[in-house]
Amino acid sequence: EKSGDKENLWLNLSDGFIGGGRKNWDGSGGSNGALDHFLEAGEKYPLVVKLGTITEDISTADCYSYAKDEDGPVQIPNLKELLENRGIMVAGMQKTVKSTAEMEVELNATYAFDAITEKGAHLVPVAGPGLHGLQNLGNSCYMNSVAQMLFSGTVPELTSRYGSTDGATNNPLRNISPTKASDDLLCQVSKLSFALSSGAFCGPAPKSAEVSDPSASDPKHRLAPRMFKHTVGHDHVDFRTGQQQDAAQYFQHLLEKLDRAELGAGDRLKSKSGTGAVLTTSHLFSYKTESRLVCEADNIIKYKESPAETMLSLRIPKSKSTLPDTHMPDVKRQKSEDHGDEEKEKKEVPTVAFDACLDEWNAPTTIDDYRWPHLQNSISPATSQTRFVNFPRYLLIHMQRYELGDDWQPYKIEVDIDVPEEISLQKFKGTGPQEGEKIAPEEAEGDAEPTTAPAAPAVDEGALGQLMDMGFNMNGCKRALMAVGGSNVEAAMNWVFEHNSDPDFNDPLPEGGSAASAAAPSSSDADETIVMSLVENLGCFTANQVRAAVKHCSGAADRAADWLFSHMDDLDGAIAALESTSVAENSTPKPTTPLEDGDGKYNLVGLISHIGKNTGSGHYVAHLKKDGKWVIFNDEKVALSKDPPIRHAYMYLFQRSDTIGAPNSEY
């Protein structure tokens, strides 16, 4: 090898020449020695093998053909004989370098890493109110990203309620007995929001945003949200662990817990105007949708309004993706046999327009076996289309970037989403029944619904988490588990594969029916079979104690046992607290304030991006717009963003344009 290369070497199987791998168009890669030799020899000997990939399993060797009609990886049936002719005995040989296929997989898994973390960019660090990082407690970046998005000032209503900057002790939510503070969600949220939004604990901005060693920071300026993490996740099978979790699932869990705490807060949390019910946090994000169903038999139309949701989950229509134009004058992009760490060539990733994702959500779908009450409950196909009933103050959009492959393993959909920073959803607004439409009789619609629904199985949170880790939406996973008894993951997976193309697969579960019972903790009496089984097997708890634990854990025996053992120090006190909380929540009327609505024009104010092969691993990073500038929140690293990864984000936070600068005074 005339170039002196010692790595990325390829052996010509015809004449024994050893040359470097192909040089890339930008000068990176190998020395081009093997390809140059092929051309100099009159293009007679095209077959080469990469040294270091040859083992006893000869089929795994990395072989390539330079022939014009092939010019790519090939399988060589008599490779062993060709190598032995060169004195290379494959017996006992071990692999020492990565094959091109392995490097391609590695590249695919991390293709957006640099873009999301803005690696290599000279970022300007910042510090101050709303610009304070959070310490990673061990795979807690999903929590840090959601907390920054909600409580660091991007949502001024929550800053007003929880992070008032008129003193650390002035907020009544923080005036609570120290013995109760550790388990009080409102107190812990208020502490965290005050610390993030006030800048009271900020030190000077570091000299360089590239400094990643947290020990270099003064401990008094570091925020470690341990009590917040415990309070939010201590009773959840996944969020109480130190493992990576799905940020979208965590966002929904946090809102559910905040709603329950706010409704049961009593005098600690009052409406700012002094009139009406307290608005919950979820009210800021809540929207409803209407489904317009048309019966194909007689064109009778039925309108169905969904329960309120807090996150819009969009599928990515890969069929509508486009590749970037790579035809550049005077530059011919060459194929590469080796993707080394120094290679700067960017992978061509297809792009999907954000409007295409919205159109896919709004597109009419056909339901083949819909049962129509006005046709004496006979089955007739229906055409369904979904639209917004209202436009919330904040719209959180979740992109379904993960799906299951043929091997049942979740993988990331490699697409960029072309998301504008200003959008209009006006064309997706529902209109309700129109003049001249034949509307299905209301009495027929009511007759179709049973007066009493059978008791639904409780959805096991562990099973729900496993299904969501595979890339499915929470509503679809809950439907699957409900259909198979609540906890059988394998059976639920089979149900998902049979029904994931159903038009209502990702729709929220209906209120009042069995689905609602499965989606939320049951308020009915505990299953006595489970109670007596635990009493007998555990042997150290009374029936009343076990009954309270089973009821609190929605009928899940394993979670109930865990709860009992984790509260043995003061079990009677913990049970009394559960009962008082339940009474407070049940006695507090739910707010009747109508959902907010506006003109449907939105501005992008935040995004959360994920790096990794699935949502249960990898890393989360938040980018938030502060005073018109994008800021990256990468755990403790906070800096001005040069190129926010809008095309790669997993979750997008939009604020309705007419509310910017005019926060809701009720918070």
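Residues numbered from 1 in each chain as written. Predicted model: local features only at pLDDT ≥ 70, side-chain atom pairs only at ≥ 80, totals over all residues. Heavy atoms only, no water.

Side note on the overall build of the protein
Here is step 1: Looking only at helices and strands, one finds 20 helices and 24 strands in the protein.
Here is step 2: Counting every position in the protein, which comprises 667 residues, the buried fraction comes to 48%.
Here is step 3: Across the protein, every contact between residues at least 6 apart in sequence was considered, and the portion connecting residues at least 24 apart equals 70%.
Here is step 4: Taken as a whole, the protein presents about 32,300 Å² of accessible surface, with 50% of it coming from carbon and sulfur. (Helix = DSSP H or I, 4+ residues; strand = E, 2+ residues; numbered from the N terminus. Buried < 20%, exposed > 50% of the residue type's maximum accessible area, 1.4 Å probe, protein only. Contact = heavy atoms within 4.5 Å. Areas by Shrake-Rupley, 256 points an atom, 1.4 Å probe, with all protein chains shown as cover.)

Looking at the side chain of Asn-664
Here is step 1: Within the secondary structure, Asn-664 sits in the segment after strand E24 (651-656).
Here is step 2: Within the structure, the side chain of Asn-664 is placed 2.9 Å from the backbone nitrogen of Glu-666, a separation counted as a polar contact.
Here is step 3: The contacts of Asn-664, once residues within four sequence positions are left out, are Glu-157, Leu-279, Arg-393 and Glu-596. (Polar contact = N/O pair within 3.5 Å; in protein donor to acceptor, adjacent residues only side chain to side chain.)

Remarks on the sheet that holds strand E2 (residues 18-20)
Here is step 1: One open sheet accounts for five strands, arranged E2-E1-E3-E4-E5; its pairing is antiparallel. With partners counted over all chains shown, the strands left at the sheet margins are E2 and strand E5 (72-73), one partner each.
Here is step 2: Taken together, the three bridges between strand E1 (residues 9-12) and strand E3 (residues 47-50) define a ladder with antiparallel strand orientation. By the bridge assignment for E3, Trp-10 is matched with Lys-50.
Here is step 3: Running over the sheet, helix H1 (residues 33-40) touches E1 and E2 and is turned about 120 degrees from E2. (Pairing = 2+ DSSP bridges. Axes fitted to C-alpha atoms, helices over the stretch in contact; angles between N-to-C directions.)

Here's the deal with the pairing of E3
Here is step 1: Looking at chain direction, E3 and strand E4 (residues 63-65) are connected through three bridges and run antiparallel. Residue pairing across strands places Leu-47 opposite Ser-65, the latter belonging to E4.

Focus: unusual backbone geometry
Here is step 1: For Glu-43, which is not glycine, the phi dihedral falls at a positive 60 degrees.
Here is step 2: Take Glu-43: it is sitting in the loop between H1 and E3.

A word on the pattern of salt bridges
Any two side chains of opposite charge can pair if their charged atoms end up close together.
Here is step 1: Throughout the structure, instances matching the rule amount to 17 salt bridges.
Here is step 2: In this structure, Arg-647 and Asp-418 form a salt bridge, with 3.9 Å as the shortest nitrogen-oxygen distance. Taken as a pair, Arg-647 in the loop between strand E23 (637-640) and E24 and Asp-418 in strand E18 (residues 416-418) lie far apart in primary sequence, 229 residues in all.
Here is step 3: The network of salt bridges with common partners includes Glu-157, Arg-393, Glu-596, Arg-656 and Asp-658. (Salt bridge = Lys/Arg side-chain N within 4 Å of Asp/Glu carboxyl O.)

Quick word on the packing of helix H8 (residues 185-198) against helix H10 (residues 247-263)
Here is step 1: Put simply, H8 and H10 touch, their axes get as near as 9 Å, and they point 115 degrees apart. With respect to their mutual orientation, H8 and H10 come out roughly perpendicular. Listed contacts from H10 to Leu-185, Leu-186 and Val-189 of H8 are Lys-257, Leu-258, Ala-261 and Glu-262.
Here is step 2: Its residues assigned to classes, the contact of H8 with H10 comprises five nonpolar, no polar and two charged. (Parallel < 35°, antiparallel > 145°, perpendicular 65-115°, else oblique. Nonpolar A, V, L, I, M, F, W, Y, C, P; charged D, E, K, R; others polar.)

Re the pairing of strand E20 (residues 601-611)
Here is step 1: Counting buried positions over the 11 residues of E20 gives 10, a clear majority of the element.
Here is step 2: Here strand E19 (residues 422-424) runs beside E20; their pairing, made up of three bridges, is antiparallel. Note on E20: the bridge partner recorded for Ile-423 is Tyr-602.
Here is step 3: Where E20 and E24 come together, six bridges link them in antiparallel fashion. Its bridge partner being in E24, Gly-606 is matched across the sheet by Leu-653.
Here is step 4: Across six bridges, E20 lies against strand E21 (residues 619-626) in antiparallel orientation. In the strand pairing of E21, Gly-606 is matched with Leu-624.

With respect to the packing of helix H13 (residues 461-469) against helix H15 (residues 489-499)
Here is step 1: The N-to-C vectors of H13 and H15 enclose an angle of 45 degrees; their axes lie 10 Å apart at closest approach. Taken together, the axes of H13 and H15 are oblique relative to one another. In this structure, H13 crosses over H15, and the sense of that crossing is right-handed. In this structure, H13 uses Ala-463, Gln-466 and Leu-467 to contact H15, whose residues at the interface are Val-489, Ala-492 and Met-493.
Here is step 2: Taken together, the residues of the contact of H13 with H15 break down into five nonpolar, one polar and no charged. (Left-handed = near helix turned anticlockwise from the far one by under 90°.)

Focus: H1
Here is step 1: Every buried residue belonging to H1 is among Gly-33, Ala-34, Leu-35, His-37 and Phe-38, and all of these are buried.
Here is step 2: If you follow the buried residues of H1, they end up packed against E1 and E2.

Focus: the nonpolar core
Here is step 1: With 54 residues, the main nonpolar core has Leu-150, Phe-151, Phe-228, Tyr-250, Phe-251 and Leu-254 as its most contacted residues.
Here is step 2: Leu-150 has contacts with Val-155, Leu-158, Phe-251, Leu-254, Leu-255 and Phe-285, leaving out every residue within four places of it along the chain.
Here is step 3: Grouped together as the second largest cluster of nonpolar side chains are 30 residues, Ile-417, Leu-607, Trp-630 and Ala-649 included. (Core = buried A, V, L, I, M, F, W, Y, C linked by side-chain atoms within 4.5 Å.)

Details of the environment of Ile-646
Here is step 1: The residue Ile-646 is located in the loop between E23 and E24 in this model.
Here is step 2: By relative accessible area, Ile-646 is classed as buried at 11%.
Here is step 3: Each residue touching Ile-646, except ones within four places of it in the same chain, is listed here: Ile-417, Val-419, Glu-421, Leu-604, Leu-607 and Tyr-652.

What about the side chain of Ser-380?
Here is step 1: With respect to the helices and strands, Ser-380 occurs in the loop between strand E13 (378-379) and strand E14 (382-388).
Here is step 2: By relative accessible area, which is 7% here, Ser-380 ends up buried.

Considerations on the packing of aromatic side chains
Here is step 1: Counted under the stated rule, the structure contains 19 aromatic pairs.
Here is step 2: Seen in terms of ring centroids, Phe-285 and Tyr-394 are 5.9 Å apart; in terms of plane orientation they differ by 40 degrees. Their pairing is tilted. Here Phe-285 is found in the loop between H10 and strand E7 (289-295), whereas its partner Tyr-394 is found in strand E15 (residues 394-399), with 109 residues between them in sequence. Accessibility assignment for this pair places Phe-285 and Tyr-394 in one class, buried.
Here is step 3: Taken together, the aromatic side chains of Tyr-287, Trp-361, Phe-388, Phe-391, Phe-428 and Tyr-602 make up a single cluster linked through ring pairs. (Phe/Tyr/Trp six-rings, centres within 6.5 Å; stacked < 30°, edge-to-face > 60°.)

Quick look at the sheet that holds strand E11 (residues 365-367)
Here is step 1: Pairing in this open sheet of four strands is antiparallel, and the strands run E8-E7-E14-E11 from one edge to the other. The open sheet has two edge strands with one neighbour each: strand E8 (301-305) and E11. Ignoring which end each strand starts from, the neighbouring axes of this sheet average 30 degrees apart.
Here is step 2: By the bridge criterion, five bridges tie E7 to E8 in an arrangement that is antiparallel. Paired with Ser-291 across the bridge in E8 is Lys-304.
Here is step 3: Relative to E14, helix H11 (residues 354-362) is tilted by about 130 degrees, and along the sheet it contacts E7 and E14.

Here's the deal with the confidence of the model for the protein
Here is step 1: Of all residues in the protein, 80% have pLDDT values of 70 or greater, and the mean over the chain is 80.
Here is step 2: Across residues 211-216, confidence stays below pLDDT 50; counting only partners more than four residues off in sequence or on other chains, it has two contacts. (pLDDT = per-residue confidence, 0-100.)

Digging into the environment of Met-532
Here is step 1: One can find Met-532 in helix H17 (residues 528-538).
Here is step 2: As for Met-532 and Val-546, which are separated by 14 residues in sequence, their C-alpha atoms are 8.3 Å apart.

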